[in-house]
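Next come the chains, spelled out residue by residue.
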Amino acid sequence: MSDCLFCRIISGEIPSAKVYEDALTYAFRDINPMMPVHVLVVPKQHLASVAAADEATDEVLAGCLRTCAKVAAQEGLTGGFRVVSNCGDDACQSVQHLHFHVLGGGKMTDRMG
Ligand code: DGP
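Undergrad: Explanation requested: helix α2 (residues 58-74) in the structure shown.
TA: Every α-helix carries 3.6 residues per turn, so stepping three or four residues along brings you back to the same face. An ideal rise of 1.5 Å per residue puts 24 Å on 17 residues; α2 measures up with 24 Å between its terminal C-alpha atoms. The positive-phi residue at the C-terminal boundary of α2 is Gly76, with phi of around 75°.

What follows is the structure, given as C-alpha cells:
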C-alpha cells in the first residue's frame, strides 16, 4: 500500500536500520527505542494487525514469529526477550501495518497493561 509507512520502509522508499530480511518478513530498529534492543518485525504482505489473522495468513504469521526468534538470537538476547504486537486503539497501535516489537537487552517489569 503506497500510503502505508511500513510498506514504504519495506520497499526502501523510506530508510530504516535493517536487522534481518527474508522472503516473508523485514526487521528494522524502532525509531523510538524503549529498550536497549527494540526491533520491529513486519510481514512484507500488508496486514493491518493481528486482527487480520485467518487461515490465509498462517504462513506469513509463522514467518513473523520465526523472524522474531532469529532477531533475538542475532541480537544476543540470551537472557530473554519480549514480543509485543499492539492491536487497535485500546492497545495504542499507531501504525496500521502488523508489527511485532522485539524488546530486550535488560530486565523488564512484569506489567503488561
Ligand atoms: P505501535 O505503537 O505498536 O503501532 O508501534 C509503532 C512503532 O513504530 C513505534 O514504536 C515507533 C515506530 N516507528 C514509527 N515510525 C517509524 C519510522 O519511520 N521508522 C522506524 N524505524 N520506526 C518507526
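Undergrad: Got a minute to help me understand a nonpolar patch on the surface in this structure?
TA: A grouping of Leu65, Phe81 and Val83 is seen on the molecular surface, where their side chains present a nonpolar patch of about 260 Å² in accessible area. Mapped onto the secondary structure, Phe81 falls in strand β4 (residues 81-84).

Undergrad: How do you make sense of the site of the ligand when you look at a structure like this?
TA: The immediate surroundings of the ligand are formed by 15 residues, with Arg29, Asp30, Asn86, Ser94 and His101 found nearest. A distance of 3.2 Å separates a nitrogen atom of the ligand from a polar atom in the backbone of Ile31. One of the backbone nitrogen or oxygen atoms of Cys92 is found 3.2 Å away from an oxygen atom of the ligand. Within the complex, 82% of the 510 Å² of free accessible area of the ligand lies under protein. Where the shell around the ligand is concerned, the elements lending two or more residues are α1 (5-11) and β2 (25-29). Element by element, the count of residues in the shell around the ligand is highest for α1, at 3 residues. By residue class, the composition of the shell around the ligand is 8 nonpolar, 5 polar and 2 charged.

Undergrad: What is the right way to look at the state of the cysteines in this model?
TA: For the structure shown, the criterion picks out 0 disulfides. Left unpaired, Cys7 is separated from the closest cysteine sulfur, that of Cys4, by 3.7 Å. For Cys7, a relative accessible area of 13% translates into the label buried. Note on Cys92: no disulfide assigned, nearest cysteine sulfur contributed by Cys87 at a separation of 12 Å. By relative accessible area, Cys92 is classed as exposed at 62%.

Undergrad: Could you clarify how one ought to interpret the pattern of salt bridges in this entry?
TA: Working definition: two side chains of opposite charge can pair if their charged atoms are close together. What the rule picks out here adds up to 4 salt bridges. Among the salt bridges present, the one from Arg8 reaches Glu13, with a minimum N-O distance of 3.0 Å. On the basis of relative accessibility, which here comes to 30%, the residue Arg8 falls in the partly exposed class. For Glu21, the salt bridge goes to Lys44, with nearest N and O atoms at 2.8 Å. Residue Glu21 is located in strand β1 (residues 18-21), and its partner Lys44 is located in the loop between β3 (37-43) and α2; the two are separated by 23 residues in the primary sequence. Taking the relative accessible area as the measure of exposure, Glu21 reaches 34% and is therefore partly exposed.

Undergrad: What exactly am I supposed to notice about the nonpolar core here?
TA: Generally speaking, soluble globular proteins have nonpolar side chains that are buried together. Ranked by size, the top nonpolar core spans 17 residues in total, and within it Val19, Ala27, Val39, Val41, Val71, Phe100 and Val102 carry the most contacts. Contributions of two or more residues to this core are made by β1, β3, α2 and β5 (100-104). Ranked by the residues each element gives to this core, the list is headed by α2, at 6 residues. Counting residues in each nonpolar core, the second largest holds 10 residues, with Ile9, Tyr26, Phe28 and Leu40 among its members.

Thresholds, definitions, all that
- Residues numbered from 1 in each chain as written.
- Predicted model: local features only at pLDDT ≥ 70, side-chain atom pairs only at ≥ 80, totals over all residues.
- Heavy atoms only, no water.
- Helix = DSSP H or I, 4+ residues; strand = E, 2+ residues; numbered from the N terminus.
- Expected span 1.5 Å × (residues − 1).
- Patch = residues over 30% accessible without salt bridge, like charges linked within 9 Å, V, L, I, M, F, W, Y side chains within 5 Å.
- Areas by Shrake-Rupley, 256 points an atom, 1.4 Å probe, with all protein chains shown as cover.
- Salt bridge = Lys/Arg side-chain N within 4 Å of Asp/Glu carboxyl O.
- Near = heavy atom within 4 Å.
- Polar contact = N/O pair within 3.5 Å; in protein donor to acceptor, adjacent residues only side chain to side chain.
- Nonpolar A, V, L, I, M, F, W, Y, C, P; charged D, E, K, R; others polar.
- Disulfide = S-S within 2.5 Å.
- Buried < 20%, exposed > 50% of the residue type's maximum accessible area, 1.4 Å probe, protein only.
- Core = buried A, V, L, I, M, F, W, Y, C linked by side-chain atoms within 4.5 Å.

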